[in-house]
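Observations on the three-dimensional arrangement
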Amino acid sequence: KSKIIIFYLSVIICAFSTSPSFAINSSSMNLLLISIMIISPLILLISVRNITKEDILLILFFLSIIFSPLLNNPETMRWSTVMYSFMFGITFLVYKHLLYKNVLEFEYFIKILKYLIYAYTIVLIIQQACVLLGLPIFNIHAYDPTTPWKLNSLSSEPSHSARFVGLLMFCYIISKEIFMDKKYSLSSNFKEDKYIWLSFFWTMLTMGSGTSLLFVILVLSIFLRLRTLIVFIMFLIILYGLIDYLDIKAADRTIKLFLATLTLDPETMMEADRSGSSRIVPFIVLIERVDFTTINGWFGHGIDYVGNNLYMYSAIPIKGYSGGGMLALWMEYGFLSFILFLIFSLMTTINRKNLKILFFWFFLIFMYG
């Protein structure tokens, strides 16, 4: 029984951390992940014996995304969308309750994280070799020949790989701290982990994604202390100089977008980086439109409202384009669903001993809903 639990936990971790091209359908859905999630309800019935506060919040959220559109905007109700969300939520419950059975050893979990980071690097190097030699590119997806070195590695696109590898590396460091029962130190632990650090930096700095620069900084912020602040600032200056010297376009766009974001002007942001700003502009647009003083504010405007209307308000004039992360959740399902998911996600992820997790929560959960 323990071996089955360990196997299924390992499968969930790997399936949620990768998105191989052979498993992605025309709607950009990961069929491998979906096939694993389909059996989650059965495993939930077999394995769950008790319900926690976080579970109750998630169940209430499930109910809210059914009844909010049904009662307030029934014509927009689409069961496939709601059930797709349910699959993720139920799989989370399965993962959590199996994890709490205490059969997955910490050392084994750390190995999974390490091998996943290595796998991303190996696949990326193979892809880079294919581009260099003019061969068909292994495991390629969403490839643009005009940017030949922008490669997806083991996920559906480079920006996703940057998030996955950044989170995996962050989890690896935090897990080692718990396992060693002391703070992770670059000076004392680097020798032991040199290959994983080399893999991390190679993947993040050569995949061609501007997002990777942000997640490199987030990972390195783990080591930020008052006494290391000067060293951290010096590293950022050196990194900026390296980006400028090597003319790394993706990273340069990220820096320009960061400066443009400070203006809060959608047009300026679009000029700096059209792709990157398309993730930020919807927030600026939606934050002016969400409210909790109307019926729609509390129970939402209905499923697909953001996709059908955002183009009229934003600098991204594409009908059907959505965005705005958890603010989109508020717009479509209402403040009630938004606040339930907000509290649930914070209770589930935040650790008072390591508040830097808040940055990952913001960039991986709040920004994507």
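As for the packing of helix 4 (residues 53-72) against helix 5 (residues 79-99)
Between helix 4 and helix 5, the least distance of the axes is 11 Å, while the angle of their chain directions is 175°. When the axis of helix 4 is compared with that of helix 5, the two are roughly antiparallel. For the pair helix 4 and helix 5, contact is made by E54, D55, L58, F62, I65, I66 and L70 and by W79, V82, S85, F86, G89, I90, F92, L93, K96 and H97, respectively. Each residue belonging to the contact of helix 4 with helix 5 can be placed in one class, and the counts come to 11 nonpolar, 3 polar and 3 charged.

Describing the packing of aromatic side chains
For the structure on display, the rule yields 26 aromatic pairs. Here Y84 and F88 contribute two aromatic rings whose centre-to-centre distance is 5.1 Å and whose plane-to-plane angle is 90°, an arrangement assigned as edge-to-face. Placement of both Y84 and F88 in helix 5 is noted, with a separation of 4 residues, approximately one turn of the helix. Arranged with centres 5.3 Å apart and planes meeting at 45°, the rings of F292 and F335 form a pair that is tilted. Of this pair, F292 sits in the loop between helix 14 (274-287) and helix 15 (295-299) while F335 is found in helix 18 (residues 335-349), placing the two residues 43 residues apart along the sequence. Classification of F292 by relative accessible area gives partly exposed; the value is 47%. By relative accessible area, which is 16% here, F335 ends up buried. Among the aromatic residues, those joined into a cluster by ring pairs are F170, F215, F283, F360, W361, F362, F363 and F366.

A word on a nonpolar patch on the surface
A cluster of nonpolar residues, I51, I56, I59, L60, L63, F67, L70, L71, W79 and M83, forms a patch on the protein surface that exposes about 960 Å² of accessible area. Secondary structure elements with two or more residues in the nonpolar patch: helix 4 and helix 5. In terms of residues, the nonpolar patch owes the most to one element, helix 4, which gives 7 residues. Mapping L63 onto the fold places it in helix 4.

Comments concerning the side chain of T18
Along the chain, T18 falls in the loop between helix 1 (2-17) and helix 2 (31-38). For T18, a relative accessible area of 12% translates into the label buried. A polar side-chain atom of T18 sits 2.8 Å from the main-chain carbonyl oxygen of C14. In this structure, T18 is in contact with N30, L116, Y120 and L154, ignoring residues within four places of it in sequence.

Re helix 2
Those residues of helix 2 lying buried are L33, I34, I36 and M37. Angular distribution of buried residues about the axis of helix 2 spans 160°; they occupy a single face of the element. Where helix 2 is buried, its residues meet helix 1, helix 3 (40-47) and helix 5. By the N-cap criterion, in which a side-chain oxygen at the helix start approaches the backbone nitrogen of a residue two or three places on, helix 2 is capped by N30, the distance to L32 being 3.1 Å.

Some details on the confidence of the model for the chain
Per-chain confidence: the chain averages 88 in pLDDT, with 91% of residues scoring 70 or above. The least confident element of the chain, judged by mean pLDDT, is helix 11 (residues 229-246) at 67; the most confident is helix 6 (residues 106-133) at 97.

Focus: the pattern of salt bridges
With the rule as written, the count across this model stands at 5 salt bridges. Between E192 and K176 there is a salt bridge whose closest N-O contact spans 2.9 Å. Highlighted residues: E192 in the loop between helix 8 (186-189) and helix 9 (194-206) and K176 in helix 7 (residues 158-180), separated in sequence by 16 residues. Its relative accessible area of 57% is what places E192 among the exposed residues. The salt bridge involving E288 is made with R289; its shortest N-O contact spans 3.7 Å. Linked through salt bridges whose partners overlap, the residues forming this network are K176, E192 and D193.

Some thoughts on the packing of helix 17 (residues 325-333) against helix 18
Between helix 17 and helix 18, the shortest axis-to-axis distance is 7 Å and the interhelical angle comes to 145°. Contacts from M326, L329, W330 and Y333 of helix 17 reach helix 18 at F335, S337, F338, F341 and L342. Looking at the contact of helix 17 with helix 18, its residues break down into 8 nonpolar, 1 polar and no charged.

Some words on the environment of W202
Relative to the helices and strands, W202 is located in helix 9. Given a relative accessible area of 42%, W202 falls into the partly exposed group. When the C-alpha atoms of W202 and T121 are compared, they prove to be 7.2 Å apart, with 81 residues separating the residues in sequence. Here W202 is in contact with T121, L124, I125, Q128 and M207, once residues within four sequence places are set aside.

Quick look at unusual backbone geometry
The phi dihedral of N139 falls on the positive side, at around 55°, and the residue is not glycine. Here N139 shows up in the loop between helix 6 and helix 7.

Calculation notes
- Residues numbered from 1 in each chain as written.
- Predicted model: local features only at pLDDT ≥ 70, side-chain atom pairs only at ≥ 80, totals over all residues.
- Heavy atoms only, no water.
- Axes fitted to C-alpha atoms, helices over the stretch in contact; angles between N-to-C directions.
- Helix = DSSP H or I, 4+ residues; strand = E, 2+ residues; numbered from the N terminus.
- Parallel < 35°, antiparallel > 145°, perpendicular 65-115°, else oblique.
- Contact = heavy atoms within 4.5 Å.
- Nonpolar A, V, L, I, M, F, W, Y, C, P; charged D, E, K, R; others polar.
- Phe/Tyr/Trp six-rings, centres within 6.5 Å; stacked < 30°, edge-to-face > 60°.
- Buried < 20%, exposed > 50% of the residue type's maximum accessible area, 1.4 Å probe, protein only.
- Patch = residues over 30% accessible without salt bridge, like charges linked within 9 Å, V, L, I, M, F, W, Y side chains within 5 Å.
- Areas by Shrake-Rupley, 256 points an atom, 1.4 Å probe, with all protein chains shown as cover.
- Salt bridge = Lys/Arg side-chain N within 4 Å of Asp/Glu carboxyl O.
- Polar contact = N/O pair within 3.5 Å; in protein donor to acceptor, adjacent residues only side chain to side chain.
- Arc of directions from axis to C-beta.
- pLDDT = per-residue confidence, 0-100.

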